[in-house]
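Understanding the architecture of this molecule
Single-letter residue listing:
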Amino acid sequence: MFKPKGRFPSKPAPRSASTGPKKGGNDGGEKSLPYGLIYKQNYISAREKAEIMAYLKTLYPIWEMRYSKNNPPPENQKQRPLLRPVYWLGNWQFACLNYYHPPKGIYNRCVTAEGYPPILEYLIQKIEALVHDTYAPRDIPRGWHLNTCLINYYGDQIGEDGKKNDCARVGEHKDFEPGPVASISFGERAFFQFVSSQGTESKSNAVFQQWLEDSSLQIFGGDKFKKHLFHRVQRVDRKSGDSFPLNEISNFETRRINFTFRYVPDEHITPFHRLSAEAKEDVQGYMEKLAEHSDFFKEELSK
Ligand SMILES: O=C(O)CCC(=O)C(=O)O
């Protein structure tokens, strides 16, 4: 991983008594949140946002398919592209490898990827400290650190006829990486819900919902919000007119970018050349695509 090079303090400033954490708290004089949830408006400063935006311009997100030759769709499903382009840091959980899913789905799912740029390293140190100050030790697994980042690009797909198809949403799911997950949002705000689900037959009930605003930090952890409830993004506003052009992807109009930081135990992250033959075959094409613009992926392919 890259290390901070001095433009940002190498360690977050110590918290004073008055700015210290409140259990399950949030900022901005809003009503306090239940244990397990943190929400901080304007957590990312204008300078930090500018640095992250400059970094995003260097990335070439890809559009993955959900299934592959060695992981074909189950009987009731069809092959399909994901709803949005993505980029992963730390390790890449290719959709066709079925994502990290302990206790059984551990190996051949998380492929070593590029490290964080200094600005994200810096923010992650601060966020990890906040987690340790806020959550009970039982909710922070041994060795927990935010070594994995999924960057999701939300917006409209643009058809050949120029018609826009809004796919700025995520269906209900759980993140199975152990411990708290931290999420940073940019652009238009998103309507985010935690839901209880009784399966596909009945409607899910929203248990807690909130808007995730530009430059905000959300953290969810603990049994209720991380293990028991599902979460989803219902919709993304189009009020502020924010738009983020993507390198090489022209049939998509991005209006929100979200980073979710998670923890995958380091021993479950596999370099490309050590994957099983089937997993290698399934992701070879994606690795080649990534290598077109990344020395890191070029090097991984050459091993
Ligand atoms: O975009 C968001 O706010 C949430 C993303 C999410 O649920 C996920 O990446 O698992």
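Above this note sits the structure.
Keep in mind it's a predicted model, so treat the numbers as computed, not measured.

Further remarks concern the overall build of the protein chain. Counting secondary structure elements, the protein chain contains 5 helices and 14 strands. Every one of the 303 residues in the protein chain was classed for burial, and the buried ones make up 35%. Summarising the internal contacts of the protein chain: among those between residues at least 6 apart in sequence, 72% fall at separations of at least 24.

Time to look at the site of the ligand. Surrounding the ligand, one finds Leu150, Asn152, Val170, Asp175, Ser183, Ala190, Phe192, Leu212, His231, Val233, Asn258 and Thr260. Taken together, the elements giving at least two residues each to the shell around the ligand come down to β5 (148-158), β9 (190-196), β12 (230-236) and β13 (252-262).

Ranked by internal contacts, the top residues of the largest apolar core, which has 50 residues, are Val111, Ile124, Ile127, Cys149, Ala182, Phe261 and Val283. Take this core: its biggest share by element is 8 residues, from helix α2 (residues 118-134). Non-local contacts of valine 111, meaning those with residues more than four positions away in its chain, are made with Asn91, Trp92, Phe94, Thr270, Phe272, Leu275 and Val283.

Looking now at helix α4 (residues 277-291). The terminal C-alpha atoms of α4 lie 20 Å apart, and with 15 residues this matches the ideal 21 Å at 1.5 Å per residue to within 8%. The sharpest bend along α4 reaches about 50° and sits at valine 283. Here α4 has its buried residues at Ala279, Asp282, Val283, Tyr286, Met287 and Leu290. Buried residues along α4 sit in contact with β4 (110-112) and α5 (295-302).

On to the sheet that holds strand β3 (residues 91-92), then. Reading across the sheet, the 3 strands line up as β3-β4-β14 and stay open at both edges, with mixed pairing between neighbours. Edge positions in the sheet fall to β3 and β14 (269-270), since each of these pairs with one other strand and no more. For β3 and β4, the ladder comprises 2 bridges, and the chain directions are antiparallel. Counterpart to asparagine 91 in the pairing with β4 is threonine 112.

Turning to the sheet that holds β12, a few remarks are in order. Reading across from one edge, β7-β12-β9-β10 is the order of the 4 strands in this open sheet, with antiparallel pairing throughout. Every other strand in the sheet has two partners, leaving β7 (170-173) and β10 (205-212) as the edge strands with one partner each. For this sheet, the mean angle separating the axes of adjacent strands, direction not counted, is 20°. Sheet topology note: the β9/β10 ladder contains 7 bridges and is antiparallel. Directly across from alanine 190, in β10, lies its bridge partner leucine 212.

Moving on to the packing of α4 against α5. Packing of α4 against α5 brings their axes to within 7 Å, and their N-to-C directions diverge by 135°. Compared by their axis directions, α4 and α5 come out oblique. Across the interface between the two elements, Met287, Glu288, Leu290 and Ala291 from α4 touch Phe297, Lys298, Glu300 and Leu301 from α5. The residue makeup of the contact of α4 with α5, split by class, is 5 nonpolar, no polar and 3 charged.

Its place among the elements puts aspartate 214 in the loop between β10 and β11 (217-220). Once the C-alpha coordinates of aspartate 214 and isoleucine 184 are considered, the two residues, 30 residues apart in sequence, prove to be 8.3 Å apart. Those residues in contact with aspartate 214 that lie beyond four places of it in its chain are Ser185, Phe186, Gly187 and Arg189.

Before going further, it helps to examine the pairing of β11. Residues Leu217 and Ile219 of β11 are buried on one face, and the alternating residues Gln218 and Phe220, pointing to the opposite face, are buried as well. Pairing geometry for strand β8 (residues 181-187) and β11, over 4 bridges, is antiparallel. Paired with serine 183 across the strands is glutamine 218, a residue of β11.

It is worth spelling out the environment of threonine 58 at this point. Following the sequence through the fold, threonine 58 ends up in the loop between α1 (46-56) and β2 (86-89). Residue classification places threonine 58 among the exposed residues on the basis of 10 C-beta atoms within 10 Å. On a C-alpha basis, the gap between threonine 58 and leucine 246 in space is 9.6 Å, while along the polypeptide they are 188 residues apart.

As a further point, take unusual backbone geometry. Along the chain, proline 102 connects to proline 103 via a cis peptide bond; the corresponding omega equals 10°. Position of proline 103 relative to the elements: it lies in the loop between β3 and β4. Despite not being glycine, asparagine 108 has its phi angle at roughly 60°, a positive value. Looking at the secondary structure, you find asparagine 108 in the loop between β3 and β4.

Definitions and limits used
- Residues numbered from 1 in each chain as written.
- Predicted model: local features only at pLDDT ≥ 70, side-chain atom pairs only at ≥ 80, totals over all residues.
- Helix = DSSP H or I, 4+ residues; strand = E, 2+ residues; numbered from the N terminus.
- Buried ≥ 20, exposed ≤ 12 C-beta atoms within 10 Å, placed from the backbone.
- Contact = placed C-beta atoms within 7 Å.
- Near = placed C-beta within 6 Å.
- Core = buried A, V, L, I, M, F, W, Y, C linked by C-beta atoms within 7 Å.
- Expected span 1.5 Å × (residues − 1).
- Bend = angle between axes of the 7 residues up to and from the residue.
- Pairing = 2+ DSSP bridges.
- Axes fitted to C-alpha atoms, helices over the stretch in contact; angles between N-to-C directions.
- Parallel < 35°, antiparallel > 145°, perpendicular 65-115°, else oblique.
- Nonpolar A, V, L, I, M, F, W, Y, C, P; charged D, E, K, R; others polar.

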